[in-house]
Amino acid sequence: MDLDVAYLRAQFPQLHDDPDLVFCSNAGGSFVASPVLDIFSHYNRHMRVQPYAGYAVSNQAGQAMDEARSGWSRALNIHPDELTIGPSTSLNSYVMAQALARNWGPGDEIIVTQQDHESNHGVWRYAAEAAGVTLKEWPIDPVTGLLDPQILYPLLTDKTRWVFFTHCSNVVGTVNPVPEIARLIRANSPARICVDGVAYAPHHIPDLAALDVDMYLFSLYKVFGPHQGIMYLRRDLQGELPPQSHFFLHQDSHKRFNPAGPQHAQVAACRGVLDYFQDLYVHHQGPESATPSARLQWLHTKIAAHEQKLAAALLDFLEPRSDTRVLGKPHVRDGDRSTTIAFKPLKKSAGEVAKAMQGAGIGTEHGHFYAYRALSHMGIKPEDGVVRISLVHYNSIADVERILSALERTLG
Ligand SMILES: Cc1ncc(COP(=O)(O)O)c(C=O)c1O
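Residues numbered from 1 in each chain as written. Predicted model: local features only at pLDDT ≥ 70, side-chain atom pairs only at ≥ 80, totals over all residues. Heavy atoms only, no water.

1. Some details on the sheet that holds strand 12 (residues 365-367)
Logical step 1: Within the open sheet, the four strands sit side by side as 9-10-13-12. Their pairing is antiparallel. Of all strands in the sheet, those bounded by a partner on one side alone are strand 9 (324-326) and strand 12. Across the sheet, the mean angle separating the axes of adjacent strands is 35 degrees when strand polarity is ignored.
Logical step 2: Relative to strand 13 (residues 386-390), strand 12 is paired through three bridges, and the arrangement is antiparallel. Bridge pairing in strand 13 links His-366 to Val-387.
Logical step 3: With respect to the sheet, helix 12 (residues 292-318) is in contact with strand 9, strand 10 (340-345) and strand 13, its orientation differing from that of strand 10 by roughly 15 degrees.
Logical step 4: Packing against the sheet, helix 13 (residues 350-359) makes contact with strand 10, strand 12 and strand 13, and its axis sits at approximately 170 degrees to strand 12. (Pairing = 2+ DSSP bridges. Helix = DSSP H or I, 4+ residues; strand = E, 2+ residues; numbered from the N terminus. Axes fitted to C-alpha atoms, helices over the stretch in contact; angles between N-to-C directions. Contact = heavy atoms within 4.5 Å.)

Right under this line is the structure:
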């Protein structure tokens, strides 16, 4: 059975608010799945007490949060102690920068990329500067925006402490081969590895055990859920780092690196994303015996097949044109192209194109999308930036047809 898009669209109430709007700014934040809304509403209506206090409703509130945490650790194929749910990816990485830099000093080296969103670049850069650490940049190809692992290779030394890179850039839209890059790093340095999965996870919840990285972050508000940041910290790494919460909370693995404290209802609602995927799994008749992580991987093949069709239709339109410059790979042949497609119009400003598209009922945007450095290195002025069309599995072929006809009229 192909992905049943009509079925799953019914799980997103906001998709039906305005039938004239094609929402294609999902990389900025997705619509929320019904099971998430249900848990959030139920928690706030009936369980709005301090959790874990010992009386019935308080215990239920704590249990709802525990279920979200254990569900997500099973989904990601990690130990529950390795999961932190914090307010956002930017804040999680900010906190981790305080922890990591305490162990850094002159003589150490770290590597960041030119491709990343600022939240996986600036914090490490500033922490390195303050600690007197040498910072190296893994450059992108200035034409395509792609990262080449062969260019990383000579940057790695026995002094490299960390390498920070993205699973998929939110403007370049091409998936980086994380296992291959991790092998290269491990074979040529003692470095730890941090991967930003924010632009990747909405298309594929990863099996983290298979990736072999030390830190992995993504944001559930882009994965059909509440505004929370998921952070994986490998167990042995946690022992090496100074905790960042109140001293009496250090023994709680999920509180150690979250000084904000848990946002109770939001944490509980994280489970709704898994309930949504589980419902899809059953609807598509996935095999009964699979583990939670294997179920998500099974579902991913169906989602990827659908998303590839959406991306192919857009890229087939944009790529041959002489008035647009598409970032990243201009085709889906290699299976590593996400449905986040950004382009620079060459005969109009990105602002003009986005505005005209919006006038035609297409919910798109323009700008640098906090990938300011990536656009600058590609010779694109970040202020006007690029037009970004970012689709997810609930977007339909009909959505793409409407986007294409608006593009045709706008670009001329
Ligand atoms: C690729 C990427 N990384 C990191 C972030 C930061 O995530 P958050 O908004 O949860 O701080 C974003 C947000 O847009 C992003 O697109």
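2. Things to note about the packing of aromatic side chains
Logical step 1: Per the stated rule, a full pass over the model turns up 16 aromatic pairs.
Logical step 2: Centre to centre, the rings of Phe-12 and Tyr-276 are 5.1 Å apart; their planes meet at 75 degrees, and the pair counts as edge-to-face. Taken together, the positions of Phe-12 in the loop between helix 1 (5-9) and strand 1 (22-23) and Tyr-276 in helix 11 (residues 271-283) put the pair 264 residues apart, joining distant regions of the chain. In this structure, Phe-12 and Tyr-276 share a single accessibility class: buried.
Logical step 3: Between the aromatic rings of Tyr-276 and Phe-277, the centroid separation amounts to 5.2 Å while the plane-to-plane angle is 50 degrees, which identifies the pairing as tilted.
Logical step 4: Looking at Tyr-276, the relative accessible area reads 0%, which means it is buried.
Logical step 5: Directly above the ring of Phe-369 sits Arg-388, whose terminal nitrogen or CZ lies 3.9 Å from the centroid. (Phe/Tyr/Trp six-rings, centres within 6.5 Å; stacked < 30°, edge-to-face > 60°. Buried < 20%, exposed > 50% of the residue type's maximum accessible area, 1.4 Å probe, protein only. Lys NZ or Arg CZ within 6 Å of the ring centre and 35° of its normal.)

3. Points about the environment of Asn-103
Logical step 1: With respect to the helices, strands and loops of the structure, Asn-103 is situated in the loop between helix 4 (89-101) and strand 3 (109-113).
Logical step 2: Judged by its relative accessible area of 32%, Asn-103 falls in the partly exposed class.
Logical step 3: Considered as a pair, Asn-103 and Ala-131 are 28 residues apart in the sequence and their alpha carbons are 8.9 Å apart.
Logical step 4: In this structure the side chain of Asn-103 is engaged in a polar contact, spanning 2.8 Å, whose partner is the backbone oxygen of Glu-240. (Polar contact = N/O pair within 3.5 Å; in protein donor to acceptor, adjacent residues only side chain to side chain.)

4. Looking at the pairing of strand 5 (residues 160-166)
Logical step 1: Most of strand 5 sits inside the fold, with six of its seven residues counted as buried.
Logical step 2: Where strand 3 meets strand 5, three bridges bridge the pair, whose relative direction is parallel. Paired with Ile-110 across the bridge in strand 5 is Trp-162.
Logical step 3: Judged from the five bridges that link them, strand 5 and strand 6 (residues 192-196) form a sheet pairing that is parallel. If you follow Phe-164 over to strand 6, its bridge partner there is Cys-194.
Logical step 4: Note that the unit made of strand 5, helix 7 (residues 178-188) and strand 6 has a crossover that is right-handed. (Right-handed = clockwise from strand over helix to strand, strands pointing away.)

5. A short note on the site of the ligand
Logical step 1: Near the ligand you find Ser-88, Thr-89, Ser-90, His-117, Ser-119, Asn-170, Asp-196, Val-198, Ser-219, Tyr-221 and Lys-222, and these make up its full shell.
Logical step 2: The separation between an oxygen atom of the ligand and a polar side-chain atom of His-117 is 3.5 Å.
Logical step 3: Asp-196 is positioned with one of its side-chain polar atoms (N or O) 2.6 Å from a nitrogen atom of the ligand.
Logical step 4: When the ligand sits alone it has 390 Å² of accessible area, and the protein chains cover 90% of it. (Near = heavy atom within 4 Å. Areas by Shrake-Rupley, 256 points an atom, 1.4 Å probe, with all protein chains shown as cover.)

6. Describing the pairing of strand 6
Logical step 1: Among the five residues that make up strand 6, five are buried, leaving the element largely enclosed by the rest of the structure.
Logical step 2: What you see with strand 6 is no split at all: Arg-192, Cys-194 and Asp-196 on one side and Ile-193 and Val-195 on the other are buried throughout.
Logical step 3: Strand direction decides the pairing type here: strand 6 and strand 7 (residues 215-219), joined by three bridges, are parallel. By the bridge assignment, Val-195 is partnered in strand 7 with Tyr-216.

7. As for the pattern of salt bridges
Logical step 1: What the rule picks out here adds up to 21 salt bridges.
Logical step 2: In this structure, the salt-bridge partner of Asp-66 is Arg-69, at a minimum N-O distance of 3.3 Å. Highlighted residues: Asp-66 and Arg-69, both in helix 3 (residues 56-76), separated by three residues, approximately one helical turn.
Logical step 3: Taking the relative accessible area as the measure of exposure, Arg-69 reaches 10% and is therefore buried.
Logical step 4: One salt bridge in this structure joins Arg-373 and Glu-118, with 2.8 Å as the shortest N-O distance. (Salt bridge = Lys/Arg side-chain N within 4 Å of Asp/Glu carboxyl O.)

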